[in-house]
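Read off the chains here:
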Amino acid sequence: MLINRTYCFLFFFSYIVVGVLGAFIESTIKVSFLDELIIAVFCGLLFLKIVKQHHISKKLAILLVTWVFFLIYSLLCSVTSNPAIFQGCLQQIKPFLLLFSLLEIKQHLAKKDKKIVYKLTKLLGFVLPVIAFVSRLDADHSAFFVHMANYGNLMMVTSLMFFYCSSKKKNDKILFVIFLFLGIFCLRSKYYGEVVAILFFIFLLKKEIKINLKYFICFGILIFTMLVFSWGKVYTYYQGFNGEILARSALYQTAFELAKDYFPLGSGFGSFADDASKVYYSPIYIKYGLSDIWGLSPFYSNYITDTYFPVVIGQFGVIGLIMLCMFYFFLFKQIPYSPKDRDDFTYVLSLCLLVIFIVESTAGSMFTSYLCIPYMLLLSDIINTNKKNSFSKEL
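Quantities reported herein were computed from a predicted structural model and do not represent experimental measurements.

Draft legend 1. Expanded view of unusual backbone geometry. Note the cis peptide between F263 and P264, where omega equals 0°. With respect to the secondary-structure elements, P264 resides in the loop between α11 (247-261) and α12 (275-279). For K106, which is not glycine, the phi dihedral falls at a positive 60°. Structurally, K106 can be placed in the loop between α5 (82-105) and α6 (111-135). Positive phi, normally seen in glycine, also occurs at L187, with a value near 60°. Within the element layout of this structure, L187 appears in the loop between α8 (170-182) and α9 (189-204).

Take a look at the structure:
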């Protein structure tokens, strides 16, 4: 009971303080450790469970062994400084450790807690767009959200939480779509693509996904539609803009070069495209000619942490990319399906979250930032709730 109440408190705290107020707190009072604090508490709950049961799960053991292996490899490879390696190691393990801790402690919101989340997200679904409009400074920045991309992420997770905790009636579906479309004012191409994918999953996907020609065609159409809505940005990521190499495009191109030059394990922790490589300015940027690119230079390095996939490809190479694909496959297998899911939409909501993780990773570092915490809490709550319900039915 105590663990469940602690989990519920952390769920609300994470959504309100970290999700809603996170950017404002970080920019005004310069507190940037809230996500680490929350993850540490969840890890503490997991540690208590391990001590009590004298047992550690196989998947958690694999995660820890893998991270220790890459840490030793990074120290031996010595592409960057040791402080950068250790900081990079902690940054990259955060989202995985959080999700695995949540899945291991097996807690979820009770019905009364979901009612509170429903009312809260319903209110914020209307309030957040007003705050965004009033506090907007220009096309990309806001006095409250700092960057409008943060507003888009918050509207997305708020919409999904609202729909998850609702009764899924017609009015709830209408409000869900309204909240999604209110988030479009963030003016981010990836958000448009995510909305297309979510509407496809929620309103068109009626059965469990299976590997056959029908679903290949459906997903081909979905991917094509997402590209139509975000083609401009996708093109610039790979080809540059008006002949100039943009920071993101350069990061992608260099990531593949690193995967080839440091085959098969990459250049190691803290060496490329993450915050550690920015703080300690990795020698990789000078070696591969990135130090002269606007946003990647030692004097202005704000765009170094602007993507996630280059981190995986560059720092962990081919092996890291394969392991990330295995991680997503593992999450997909964790999502149980039953005919009842046609009514409560938990199956498709989980798929929506996986798509968001993938899309956000193409042009943002949400996966390793404080923004991922509400998403991880929502995904784990769906999985843990469904597993408990499936277990109850078996009994």
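Next comes the rest of the account.
Draft legend 2. Broad picture of helix α4 (residues 58-77). Between its first and last C-alpha, α4 extends 28 Å over 20 residues, near the 28 Å set by a 1.5 Å rise per residue. Turning to α4, its buried residues number three or more, namely L60, L63, T66, W67, F70, L71, Y73 and S74. In an axial view of α4, the angular spread of the buried residues amounts to 165°, which keeps them on one side of the axis. Within α4, the exposed residues directed more than 90 degrees away from the buried face are K58, V65 and L76. The inward-facing, buried residues of α4 contact α3 (34-53), α5 and α14 (309-334).

Draft legend 3. Main features of the packing of helix α1 (residues 2-20) against α6. α6 packs onto α1 with a crossing angle of 5° between their chain directions and a minimal axis gap of 12 Å. Classified by the angle between their axes, α1 and α6 sit roughly parallel to one another. On the side of α1, the interface is formed by R5, C8, F11, F12, Y15, I16 and V20, while α6 contributes K112, D113, I116, V117, L120, T121, L124 and L128. Looking at the contact of α1 with α6 residue by residue, the classes come out as eleven nonpolar, one polar and three charged.

Draft legend 4. Main features of the packing of aromatic side chains. In total, this model carries 31 aromatic pairs according to the counting rule given. Note on Y300 and Y303: the rings are 6.2 Å apart at their centroids and 70° apart in plane angle, and the pair reads as edge-to-face. The class for Y300 is partly exposed, based on a relative accessible area of 29%. Above the face of the F163 ring, K168 is positioned so that its terminal group lies 5.7 Å from the ring centre.

Draft legend 5. Inspection of a nonpolar patch on the surface at higher detail. Residues F263, V318, I319, I322, M323 and M326 make up a contiguous nonpolar surface patch of about 540 Å² in total accessible area. Of note, I319 is situated in helix α14.

What counts as what
Residues numbered from 1 in each chain as written. Predicted model: local features only at pLDDT ≥ 70, side-chain atom pairs only at ≥ 80, totals over all residues. Heavy atoms only, no water. Helix = DSSP H or I, 4+ residues; strand = E, 2+ residues; numbered from the N terminus. Expected span 1.5 Å × (residues − 1). Buried < 20%, exposed > 50% of the residue type's maximum accessible area, 1.4 Å probe, protein only. Arc of directions from axis to C-beta. Contact = heavy atoms within 4.5 Å. Axes fitted to C-alpha atoms, helices over the stretch in contact; angles between N-to-C directions. Parallel < 35°, antiparallel > 145°, perpendicular 65-115°, else oblique. Nonpolar A, V, L, I, M, F, W, Y, C, P; charged D, E, K, R; others polar. Phe/Tyr/Trp six-rings, centres within 6.5 Å; stacked < 30°, edge-to-face > 60°. Lys NZ or Arg CZ within 6 Å of the ring centre and 35° of its normal. Patch = residues over 30% accessible without salt bridge, like charges linked within 9 Å, V, L, I, M, F, W, Y side chains within 5 Å. Areas by Shrake-Rupley, 256 points an atom, 1.4 Å probe, with all protein chains shown as cover. Salt bridge = Lys/Arg side-chain N within 4 Å of Asp/Glu carboxyl O.

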